[in-house]
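The residues making up each chain are set out below.
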Amino acid sequence: RLQGRSSDNNFFIQWNSNDGSTNYGSIGNNSGQDAGYYSFNNHIFTNGNSGTEYMRINSSGNVGINKTNSSHKLHIRGGSNTEETVLKLDKAATSDSGGHTTILGLGTESGAWSKGGIGFERTGSYDVGKMHFLMHPTGLNTNTVGLSHSRMTINNDGAVGIGTTTPLATLDLGINGGQKFYV
């Protein structure tokens, strides 16, 4: 439904149920409630009550979250807390005690593969786990990194393994031929 009222200068687009009883969202100015703003150069998403801007997609396609003038493809600005998580990637699995891995794939080509990555492997309850740095050894375009391509692992106790995913010391270097070097 497209609606405009000259009496209070309200103009907005609403998504309603077929019978009009449920409002699923709106863009524009509805009774002083800015739900969003559109211009040729920017897509701006604001809070419906306060008008506070939360996200902007500028004319270059750059996305700013809590940042109005992003010069990067994605710029997320956190709050003013001394320590806070500004981005979280996770999987839907939440009830198991291990075995799931979330991987952030990295690459420079537009293909579906990632030759490098950072992965978090859940090994216990409440997201206890290991961090893996992944590198795929081949250039075949059908391959992408997985947990088997871990080149460095950091356990939740701080032990670091290079060439091993099960470090047994503060620094555990897995050397070819099955030999180990511990520091």
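The rules behind the values
Residues numbered from 1 in each chain as written. Predicted model: local features only at pLDDT ≥ 70, side-chain atom pairs only at ≥ 80, totals over all residues. Heavy atoms only, no water. Helix = DSSP H or I, 4+ residues; strand = E, 2+ residues; numbered from the N terminus. Buried < 20%, exposed > 50% of the residue type's maximum accessible area, 1.4 Å probe, protein only. Areas by Shrake-Rupley, 256 points an atom, 1.4 Å probe, with all protein chains shown as cover. Salt bridge = Lys/Arg side-chain N within 4 Å of Asp/Glu carboxyl O. Pairing = 2+ DSSP bridges.

K.L.:
Got a minute to help me understand the overall build of the protein in this structure?
P.N.:
Scanning the protein from terminus to terminus reveals 0 helices and 15 strands. Residues counted as buried form 26% of the 183 residues belonging to the protein. Element-wise, carbon and sulfur atoms account for 53% of the exposed surface of the protein, whose accessible area totals about 12500 Å².

K.L.:
What's the story with the pattern of salt bridges in this structure? I'm lost.
P.N.:
For side chains bearing opposite charge, pairing can occur when the charged atoms are close. Applying the stated criterion across every chain, the model contains 2 salt bridges. Between Glu53 and Arg56 there is a salt bridge, with its nearest N and O atoms 2.8 Å apart. Judged by its relative accessible area of 17%, Arg56 falls in the buried class. The shortest N-O distance in the salt bridge between Arg122 and Asp127 comes to 3.8 Å.

K.L.:
Sorry if this is basic, but what is going on with unusual backbone geometry here?
P.N.:
Most peptide bonds adopt trans geometry, and most residues besides glycine take a negative phi value. For Asn66, which is not glycine, the phi torsion reads 60 degrees and is therefore positive. With respect to the helices and strands, Asn66 occurs in the loop between strand E7 (63-65) and strand E8 (74-76). Positive phi values are uncommon outside glycine, yet Tyr126 reaches one of about 55 degrees. Along the chain, the position of Tyr126 falls in the loop between strand E10 (116-122) and strand E11 (129-135).

K.L.:
In this structure, what is going on with the pairing of strand E5 (residues 43-46)? I would like to understand it.
P.N.:
Walk down a regular strand and you will see the side chains alternate between the two sheet faces. Burial along E5 is one-sided: the residues Ile44 and Thr46 are buried and none of His43 and Phe45 is. The pairing of E5 with strand E6 (residues 53-57) spans 4 bridges and is classified as antiparallel. Directly across from Ile44, in E6, lies its bridge partner Arg56.

K.L.:
What am I meant to see in the pairing of E10 here?
P.N.:
With 5 of 7 residues buried, E10 is to be regarded as a mostly interior element. Where strand E9 (residues 101-106) meets E10, 6 bridges bridge the pair, whose relative direction is antiparallel. Following the sheet pairing, Leu104 is matched in E10 by Ile118. Two elements, E10 and E11, share 7 bridges in a ladder whose sense is antiparallel. In the strand pairing of E11, Gly119 is matched with His132.

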